[in-house]
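Coordinate analysis (summary)
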Amino acid sequence: MLEDLPVVFKYHVFTCFQQRPPGHPRGSCTTSGAKPLWDRLQAKLGAQPLPDVSMTATACLGFCRAGPLMVVYPQGVWYAPRTPEDIDEIVQSHFIEGNPVERLIIVPQL
């Protein structure tokens with residue numbers, strides 16, 4: 001049955017937009033600088049013909065201290081980008097060439 005389901009997107013990117021007050025014990029991706037990175041990602045995806053990549057804004061992904069965080073499905077690759085150049089590299093290497101960016105991958109810890 002599952003094999004009969006259509007693949008809508010090759011990559012579905014979930015980006016954390018959680019915002020908590022400064023000094024909150026859990027922190028948040030937004031206070032860690034996520035917004036400019038996600039703006040860059042959205043601009044890059046909009047500027048190139050990548051119809052098989054979708055970006056969805058989320059609330060907390062659960063690993064706040066590691067943020068800013070994004071997760072790419074269906075592989076379940078977790079990224080912690082820090083710079084606009086990191087976003088450019090993820091778009092080019094992972095979404096266009098199909099090669100995850102190993103140096104930016106994290107393994108979330110509960």
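Quick note: structure is the one above.
Description of the structure in this document. No experiment lies behind these values; they were computed from the predicted model shown.

**Re the overall build of the chain**
- What the chain contains, in helices and strands, is 2 helices and 5 strands.
- Walking the chain from its N terminus toward its C terminus, one meets helices and strands in the order β-α-β-β-β-α-β.
- Over its C-alpha trace the chain gives a radius of gyration of 14 Å, about what one expects of a compact globule, namely 13 Å for 110 residues.
- Across its three principal directions, the C-alpha atoms of the chain cover 45 × 35 × 25 Å.
- Relative to its 110 residues, the chain shows a buried fraction of 35%.
- Put simply, of all contacts in the chain between residues at least 6 apart along the chain, 63% involve residues at least 24 apart.
- Considering the chain, the positive charge centre built from 9 side chains and the negative charge centre built from 10 side chains are found 12 Å apart.

**Description of the pattern of salt bridges**
- The tally for this structure, following the rule as stated, stands at 5 salt bridges.
- A salt bridge links Arg-40 to Asp-88, with the shortest nitrogen-to-oxygen separation between them at 2.6 Å. With a gap of 48 residues between them, Arg-40 in helix 1 (residues 34-47) and Asp-88 in helix 2 (residues 84-96) connect regions that are remote in the sequence.
- Notably, a salt bridge pairs Arg-103 with Asp-86, separated by 2.8 Å at the nearest N-O pair. Taken together, the positions of Arg-103 in the loop between helix 2 and strand 5 (105-106) and Asp-86 in helix 2 put the pair 17 residues apart, joining distant regions of the chain.
- Arg-103 sits in the exposed class, given a relative accessible area of 55%.
- Salt bridges here are not isolated pairs; linked through shared partners, they connect Arg-40, Lys-44 and Asp-88.

Definitions and limits used
- Residues numbered from 1 in each chain as written.
- Predicted model: local features only at pLDDT ≥ 70, side-chain atom pairs only at ≥ 80, totals over all residues.
- Heavy atoms only, no water.
- Helix = DSSP H or I, 4+ residues; strand = E, 2+ residues; numbered from the N terminus.
- Rg over C-alpha atoms; globule rule 2.2 N^0.38 Å.
- Buried < 20%, exposed > 50% of the residue type's maximum accessible area, 1.4 Å probe, protein only.
- Contact = heavy atoms within 4.5 Å.
- Lys, Arg positive; Asp, Glu negative; His and termini not counted.
- Charge placed at Lys NZ, Arg CZ, Asp CG, Glu CD.
- Salt bridge = Lys/Arg side-chain N within 4 Å of Asp/Glu carboxyl O.

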